[in-house]
Amino acid sequence: MAEERTPAAAAVGDPTRGDPVRRDPAPLVVAVVPEAALSPADRAEIRAFLVAAYAPRFADVFSAHDFWGGPAEGRVLVRTAGGRLAAHCGYGLRTVAVGEREVRIAGVGAVATDPGLRGRGAGRAMFDALAGHLAGDAAFLFLECADPVVGFYTRCGFVHARATVTAIEPATGAPDTSVSNVLTRPLAGAAWPAGDIDLRGLRW
Ligand SMILES: CC(C)(COP(=O)(O)OP(=O)(O)OC[C@H]1O[C@@H](n2cnc3c(N)ncnc32)[C@H](O)[C@@H]1OP(=O)(O)O)[C@@H](O)C(=O)NCCC(=O)NCCS
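Only a predicted model underlies this, so the values are computations on that prediction, with no experimental measurement involved. (Residues numbered from 1 in each chain as written. Predicted model: local features only at pLDDT ≥ 70, side-chain atom pairs only at ≥ 80, totals over all residues.)

Chemist: Help me understand the overall build of the chain, please; the structure alone is not making it clear to me.
Modeler: In terms of regular secondary structure, the chain is built from four helices and nine strands. Written out in order from the N terminus, the α and β elements of the chain read β-β-α-α-β-β-β-α-β-α-β-β-β. For the chain, the residues scored as buried account for 32% of the 204 residues in total. Counted over contacts in the chain with a minimum sequence separation of 6, partners at least 24 positions apart contribute 66%. (Helix = DSSP H or I, 4+ residues; strand = E, 2+ residues; numbered from the N terminus. Buried ≥ 20, exposed ≤ 12 C-beta atoms within 10 Å, placed from the backbone. Contact = placed C-beta atoms within 7 Å.)

Below you can see the structure in the form of structure tokens.
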């Protein structure tokens, strides 16, 4: 059963005080959907959405796959009131190694907002819903990203670090180690521990 919630309505200026007025956009509806609940039509919709949202990159990947890397256990789907897909991410739970510690994370991937619906808080609403849904099941949301979107994730409650990450390369099946932007959002209060990260599997 998908959980649904509606992000807080956007603030609108008061015209009687001369504030700038902008139209209050219709609310977005956020649902956390388990993987098993996705129909073939849902998956086709997600593929088409990801091709358009990442264009011109990754069309070859997302025209054939609705997720990238480690298997997803669920999705966060943000829709307009009319039902149009506004934003998407997938997540998978895994216990990884950070230095000497075992850390339970939800790896997050295929994060995107429809190009026509960006800047409305769909991305933030997605992570707030996922954090609420996973509280108690994982200690952190985790992802890696390129430099231009680090600022987006830090605005959404993630903490940025440059860290050494080992993950399985899908092409070879062998572990590969590199330094990347690691973004973690605490779900249980504790800070992300220091140390090299071994994802013990594919990235998301
Ligand atoms: C990155 C992306 C998902 C942002 O989605 P969005 O729905 O527009 O984001 P939101 O409206 O929820 O923005 C939340 C906050 O992040 C800020 N923000 C958004 N994109 C940003 C960016 N690239 N850099 C810095 N800040 C950014 C917003 O201004 C907002 O700030 P606020 O705290 O002042 O309100 C969207 O631009 C996208 O789909 N990009 C292409 C795909 C992509 O790069 N995905 C990430 C792969 S790792």
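Chemist: Explanation requested: the site of the ligand in the structure shown.
Modeler: What surrounds the ligand is a group of 20 residues, the closest being Thr113, Arg118, Gly123, Gly151 and Phe152. For the shell around the ligand, the secondary-structure elements that each account for two or more residues are α1 (40-54), β5 (101-113), α3 (122-134) and α4 (150-155). Its residues assigned to classes, the shell around the ligand comprises 11 nonpolar, five polar and four charged. (Near = placed C-beta within 6 Å. Nonpolar A, V, L, I, M, F, W, Y, C, P; charged D, E, K, R; others polar.)

Chemist: Got a minute to help me understand α1 in this structure?
Modeler: Each α-helix winds once per 3.6 residues, and so residues spaced three or four apart point in a common direction. Helix length check: α1 (15 residues) gives 21 Å between terminal C-alpha atoms against 21 Å at 1.5 Å per residue, within 8%. Of all the residues in α1, the buried ones are Ile46, Phe49, Leu50 and Ala53. Looking straight down α1, one finds that the buried residues subtend no more than 100 degrees of arc, so they occupy a single side. Turned more than 90 degrees away from the buried face of α1 sit Pro40, Ala41 and Ala44, all of them exposed. Buried-residue contacts for α1 involve α2 (59-62), β4 (85-98) and β5. (Expected span 1.5 Å × (residues − 1). Arc of directions from axis to C-beta.)

Chemist: Explanation requested: the pairing of strand β3 (residues 74-79) in the structure shown.
Modeler: Sheet faces and side chains relate simply in a regular strand, where the side chains alternate between the two faces. Counting buried positions along β3 yields five of six residues, so the element is predominantly enclosed. For strand β2 (residues 29-34) and β3, the ladder comprises six bridges, and the chain directions are antiparallel. When the sheet's bridge partners are listed, Ala31 is paired in β3 with Leu77. Across six bridges, the pairing between β3 and β4 is antiparallel. Its bridge partner being in β4, Arg75 is matched across the sheet by Gly90. A loop of five residues connects β3 with β4, the two strands running antiparallel in sequence, and Gly83 in this loop sits at a positive phi of about 95 degrees. (Pairing = 2+ DSSP bridges.)

Chemist: I'm lost on unusual backbone geometry in this one. Help?
Modeler: Trans peptide bonds make up most of the peptide bonds, and negative phi angles are found at most residues other than glycine. For the peptide bond that leads from Ala55 to Pro56, omega is 5 degrees, which places it in the cis range. Here Pro56 shows up in the loop between α1 and α2. Residue Ala110 is not a glycine yet carries a positive backbone phi of 50 degrees. Its place among the elements puts Ala110 in strand β5.

Chemist: Any chance you could explain the environment of Ala191 here in plain terms?
Modeler: Structurally, Ala191 can be placed in the loop between β8 (175-186) and β9 (197-198). According to the C-beta neighbour criterion, Ala191 is exposed, with 9 such atoms within 10 Å. Once the C-alpha coordinates of Ala191 and Val159 are considered, the two residues, 32 residues apart in sequence, prove to be 9.1 Å apart.

Chemist: Is there a simple way to think about the nonpolar core in this case?
Modeler: Grouped burial of nonpolar side chains is what soluble globular proteins tend to show. Residues Val76, Val78, Val108, Met126, Leu130 and Phe140 are the most contacted members of the largest nonpolar core, which totals 51 residues. Not counting chain neighbours up to four residues away, the residues in contact with Met126 comprise Val30, Val76, Val78, Ala87 and Cys89. (Core = buried A, V, L, I, M, F, W, Y, C linked by C-beta atoms within 7 Å.)

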